[in-house]
Amino acid sequence: MATDVKELMAKVGKIRILTNRLIDDQLSGDYHSTFKGQGVEFDEVRPYTVGDDVRTIDWNVTARTGIPFIKRFSEERELTVLFLVDVSGSQSYGTAGRSKMQLAAELTALLALTAIRNQDKIGLILFSDKIVKYIPPRKGRDSVMRLVREVLAAEDDAEGGTDIAEALKFLNGVQKRRAVVFLVSDFLEEAERWQTLLRATASHHDMVCVPVSDPAESTLPDVGLVELEDPETGELMLVDTSSEAVRGSFAAQARSEREELLKFFRKNAIDVMEVATDRPYIDGVRALFKRRARKR
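Every value quoted in this text rests on a predicted model; they were computed, and no experiment measured them.

Explain the pairing of strand β5 (residues 131-138) here, please?
The side chains of a regular strand alternate, first on one face of the sheet and then on the other. One ladder, built from five bridges, connects strand β4 (residues 121-127) with β5; its direction is antiparallel. Counted as the bridge partner of Ile122 is Arg138 from β5. Connecting β4 to the next strand, β5, in antiparallel fashion are three residues.

Okay, structure coming up:
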């Protein structure tokens, strides 16, 4: 057990060094301009002056005084950032040198460290077909490393199916105020079970969905007859990978499912950041930040 703890802490240390370097080299200032100011709070009312946006007029005060007044708002100084991380059986899969869970841990560390540098609070919800762990939002670098430890440690116990809707219900129950929410999952669960609730949650929180994938999930190698096991249900299936038709059908199905997923996110104006075990995740982070900066 002591060896396991030492190995876990060594992994956490490596991730901390890597993500700190990435933040210093490539993300300095980007996070602040991307996420700060997404929420505003009421500050005061003042008399209307020529050039003010008429949409900010406070009609109650204006009616009471007979003089036009406008509402002034200030940018919220502190954000709450929550990570909803899928730790179901399929997340332990990986063929490109790391599992989807390890990728999720590195990505969580990068984003959490960036948030902490901007004095924001960070929290974590680990889920499979149930809520596995909840760490309430708080500040401090120790909070980041605890989040990373929990995600990495969950890989050893990753099992069962995925219930994104249950995770969203839990989120909405514990986080009443608006937060930035990163939902990290392979989204292999049937879409009908979670799409309605995700749409509703995204109307209240600043939602960023992070589909995590592995290249072997969209292509089959030509290795003859193989027995494939669904990591979430345990179901076994014999597949003839030497058949070009079988490999083509598999790839087409995977491509169709991914396109439908992205289409849902676009249709509902939900930010998305695609990452994969065989690609540098920093590229996905920077693309998200630039996209959001353009919108603002």
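What is the right way to read the environment of Leu261 from this model?
Position of Leu261 among the secondary structure elements: in helix α8 (residues 244-267). For Leu261, the contacting residues outside a window of four places in its chain are Phe187, Trp194 and Pro211.

Please clarify how helix α4 (residues 100-117) should be interpreted in this entry.
Residues that lie three or four places apart on an α-helix share one face, since the helix turns once every 3.6 residues. Taking 1.5 Å of rise per residue, 18 residues should cover 26 Å, and α4 covers 26 Å from first to last C-alpha, within 8% of that figure. Of all 18 residues making up α4, 16 are buried, and the element is well covered by its neighbours.

What exactly am I supposed to notice about the packing of aromatic side chains here?
Both the distance between ring centres and the angle between the ring planes are used here to describe each pair of aromatic rings. In this structure the tally under the stated criterion is six aromatic pairs. Measuring from ring centre to ring centre gives 5.3 Å for Tyr134 and Phe170, while their planes differ by 75°; the resulting arrangement is edge-to-face. With a gap of 36 residues between them, Tyr134 in strand β5 and Phe170 in helix α6 (residues 164-174) connect regions that are remote in the sequence. Residue Tyr134 is classed as partly exposed on the basis of its relative accessible area, which comes to 27%. According to the relative accessible area criterion, Phe170 is partly exposed, its value standing at 25%. Cluster of aromatic residues (ring-pair linked, three or more members): Phe187, Trp194, Phe264 and Phe265.

What counts and what doesn't
Residues numbered from 1 in each chain as written. Predicted model: local features only at pLDDT ≥ 70, side-chain atom pairs only at ≥ 80, totals over all residues. Heavy atoms only, no water. Pairing = 2+ DSSP bridges. Helix = DSSP H or I, 4+ residues; strand = E, 2+ residues; numbered from the N terminus. Contact = heavy atoms within 4.5 Å. Expected span 1.5 Å × (residues − 1). Buried < 20%, exposed > 50% of the residue type's maximum accessible area, 1.4 Å probe, protein only. Phe/Tyr/Trp six-rings, centres within 6.5 Å; stacked < 30°, edge-to-face > 60°.

All we've got here are geometric facts, nothing functional implied.
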